[in-house]
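Chain by chain, the residues:
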Amino acid sequence: MGIFLWRRTISTLNIRWLHCRCLTLYNSSHGYDEVKIKEKLSRFKGGSINLSKMDNGIAELCINNPARMNAFTGTMMIELEERISDLESWHDGKGLIVYGAENTFCSGSDLNAVKAISTPQEGMMMCMLMQNTLTRLQRLPLISLAFIQGKALGGGAELPQLVISDESEVRFVHKQMGLVPGWGGAARLIEIIGSRHALKLLSGSLRVNPVHALELGLADDIISTGVDDSLLEAHKWIMQYTKGSADVNQAVKKVITSGRENILADALRAEKEIFGNVWGGPANLQALAKGTKHK
Ligand SMILES: C[C@@H](C(=O)O)C(=O)SCCNC(=O)CCNC(=O)[C@H](O)C(C)(C)COP(=O)(O)OP(=O)(O)OC[C@H]1O[C@@H](n2cnc3c(N)ncnc32)[C@H](O)[C@@H]1OP(=O)(O)O
């Protein structure tokens, strides 16, 4: 089974600008009432979002609702936000692997919840929660990859931009549901594959197979592996990019996200500040003492 790994090319907080949650995308000034939407979503139970943080600085985040093809119930949307909060304060963190339980990724929102979130206002409130959460996921100071086997449909395709195995399928089915992406998937897709290709995937609800994903730039790497050890292969893959200390790994991600999200002047200033945090730090002094030769 070929595993196509999409490296969440690194996105980082600009520490001056985005340092705390208070600078998330939506707050009360946008009409966002987090308490109210969480109260509504908490009625749609089932499944879980499981987080395992390893001693080597790599965490696994499992979308766990296999009876429903890992569809997101309301409580899972709330749990995802809680797990991201946990990861935001993980000082030893270096990498993150997001995957679905039982060899399938995610089939989007739980249709039972979708049917019950009946008003446009409630729908937009759910989108604001998920956009806040997925943006924070993207901005975590961790090098992350999403690793997909089976299906990634609807909101499941919006989650982290993608990683697919050779029997997998990514499909933005929103149009068939009379919708468009609402969790930020359209904006992020355009950023990754360009508006022309993004328009085709959305307007045609096209099934994207691994080869097509690679051609589009949606998939970033290929690892062939058997189903039983695919998560192990994902760990091996991500460890290529998470060598060294957590603080330096996190600084690398921070400078990239800052550059990605800010205008040049702000990005340069943030880069200088992040540089100042590692200049003369333990890893820098150790490397100087060793006189590291870069082979
Ligand atoms: C609004 C938008 C968003 O949030 O951005 C969305 O994502 S809306 C959601 C967009 N996603 C979808 O429309 C995908 C809907 N699901 C499917 O197309 C299909 O289930 C596949 C994911 C292709 C898998 O098909 P396959 O034949 O392998 O399995 P299946 O269809 O029997 O599904 C196995 C069980 O999972 C359930 N199931 C699958 N997807 C579900 C979903 N999104 N919500 C609730 N239950 C779901 C099925 O009802 C079935 O339960 P039972 O065994 O009890 O019958």
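Data block above holds the structure.
Residues numbered from 1 in each chain as written. Predicted model: local features only at pLDDT ≥ 70, side-chain atom pairs only at ≥ 80, totals over all residues. Heavy atoms only, no water.

By nearness alone, 18 residues border the ligand, and Arg68, Ser107, Ser109, Leu111 and Gly155 come closest of all. In this structure, an oxygen atom belonging to the ligand sits 2.3 Å away from a side-chain N or O atom of Ser109. Between the ligand and Gly155 there is a distance of 2.9 Å, counted from an oxygen atom to a backbone nitrogen or oxygen. In the complex, the protein chains occlude 60% of the 980 Å² of accessible area that the ligand would expose alone. Looking at the shell around the ligand residue by residue, the class counts come to nine nonpolar, six polar and three charged. (Near = heavy atom within 4 Å. Polar contact = N/O pair within 3.5 Å; in protein donor to acceptor, adjacent residues only side chain to side chain. Areas by Shrake-Rupley, 256 points an atom, 1.4 Å probe, with all protein chains shown as cover. Nonpolar A, V, L, I, M, F, W, Y, C, P; charged D, E, K, R; others polar.)

Attention now moves to the packing of aromatic side chains. To describe a pair of aromatic rings, one takes the distance between the centres and the angle between the planes. Enumeration over the complete set of coordinates arrives at three aromatic pairs. A ring pair is formed by Trp237 and Tyr241, whose centres lie 5.0 Å apart and whose planes are at 55 degrees; its orientation type is tilted. On the basis of relative accessibility, which here comes to 3%, the residue Trp237 falls in the buried class. (Phe/Tyr/Trp six-rings, centres within 6.5 Å; stacked < 30°, edge-to-face > 60°. Buried < 20%, exposed > 50% of the residue type's maximum accessible area, 1.4 Å probe, protein only.)

Inspection of the secondary structure assignment puts Lys243 in the loop between helix H9 (230-239) and helix H10 (246-261). Look at Lys243 and you get exposed, because its relative accessible area is 64%. When near neighbours in sequence (up to four residues on either side) are disregarded, Lys243 contacts Lys94 and Asn249. (Helix = DSSP H or I, 4+ residues; strand = E, 2+ residues; numbered from the N terminus. Contact = heavy atoms within 4.5 Å.)

Let us now look at the side chain of Ser205. Within the secondary structure layout, Ser205 lies in the loop between helix H7 (195-203) and strand S9 (207-208). Not counting residues within four places of it along the chain, the set of residues in contact with Ser205 comprises Arg171, Phe172, Val173, Lys175, Gln176 and Lys200.

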